[in-house]
Amino acid sequence: GSILNILTDEFPNARAFSTTHWREILNQIQNVALHKSRLKIPVLYGIDAIHGATYTEGGTLFPQSISMAASRNPDLVRKAAQVTADEVKASGILWNFNPVLDVARQPLWSRVFETFGEDTFLVTKMGTAYIEGHKGVGTTLKHYVGYSYPWSGKDRTPAQMSERVLRETFLPPFAAGVKAGAPSVMINSGSIDSVPGHI
């Protein structure tokens, strides 16, 4: 399995740990998995570092993706991704849940700020730049697919769209992200035309 974004008894309200403390936490998790579990399978540990190493003390924080996209500068996104990867890796974390490749076509949706905007071409270019720059730590394309187009505007709720809109607007960033080398994809928590993203 996996463990994601933990808190500990000694730091119940902590938002950021030192790289040393992160490594201690991850070593504890792996020791339990490798020495106390029946199958002794190492645990994958992932984190949301979507605008820098936000869970690491002293980590560089960047503007949210919507602001990075406003720069129209893929090189800037590529450099920010490399800094983020380096800082997350310094904590011993090798899996990041980013980039968000949702195309923000529903202005009521509460997570527009996590996206590279409403233009499929720009989202594709910026997302690909992020993957190219994020070396040494695995990226995760999210949220496959149509997550950013909920009918109600609320998060994790159903979307309705034609197959043409799905293929022309929402799929291209994910296809490009896979081709750019992203090793994992996060699912859409909702459904599209009553078909669940996962069961």
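The structure contained in this document is the topic of the report that follows.

Reading guide: rules and limits
- Residues numbered from 1 in each chain as written.
- Predicted model: local features only at pLDDT ≥ 70, side-chain atom pairs only at ≥ 80, totals over all residues.
- Heavy atoms only, no water.
- Pairing = 2+ DSSP bridges.
- Helix = DSSP H or I, 4+ residues; strand = E, 2+ residues; numbered from the N terminus.
- Right-handed = clockwise from strand over helix to strand, strands pointing away.
- Phe/Tyr/Trp six-rings, centres within 6.5 Å; stacked < 30°, edge-to-face > 60°.
- Buried < 20%, exposed > 50% of the residue type's maximum accessible area, 1.4 Å probe, protein only.
- Polar contact = N/O pair within 3.5 Å; in protein donor to acceptor, adjacent residues only side chain to side chain.
- Contact = heavy atoms within 4.5 Å.

This next bit is on the pairing of strand β4 (residues 184-187). In terms of strand pairing, strand β3 (residues 140-144) meets β4 through three bridges, oriented parallel. Counterpart to Y144 in the pairing with β4 is I187. What joins β3 to β4 is helix α5 (residues 163-179), and the crossover it makes is right-handed.

What follows concerns the packing of aromatic side chains. Taken as a whole, this structure holds six aromatic pairs when the rule is applied. When the ring of F17 is compared with that of W22, the centres are 5.1 Å apart and the planes differ by 70°; the resulting orientation is edge-to-face. Across this residue pair, the class does not change: F17 and W22 are buried.

We now examine the side chain of Q106. As for its placement among the helices and strands, Q106 is situated in the loop between α3 (74-90) and α4 (120-133). Under the relative-accessibility criterion, Q106 is labelled buried at 12%. Engagement of the side chain of Q106 in a polar contact is seen with the backbone nitrogen of L108, the distance being 3.1 Å. Polar side-chain contacts of Q106 include one of 3.1 Å to the backbone oxygen of P150. Those residues in contact with Q106, other than ones at most four positions away along the chain, are V112, S148, Y149, P150, W151, S152 and G153.

Each neighbour pair has its own omega, and for K142 with H143 the value is 5°, a cis peptide bond. Assignment of secondary structure puts H143 in strand β3. A cis amide bond links Y144 to the next residue, V145, at an omega of -10°. Within the fold, V145 resides in the loop between β3 and α5. Phi is positive for D193, close to 50°, though the residue is something other than glycine. Turning to its location among the elements, D193 is positioned in the loop between β5 (191-192) and β6 (195-196).

Everything listed here is a matter of coordinates, which is why it stays silent on function.
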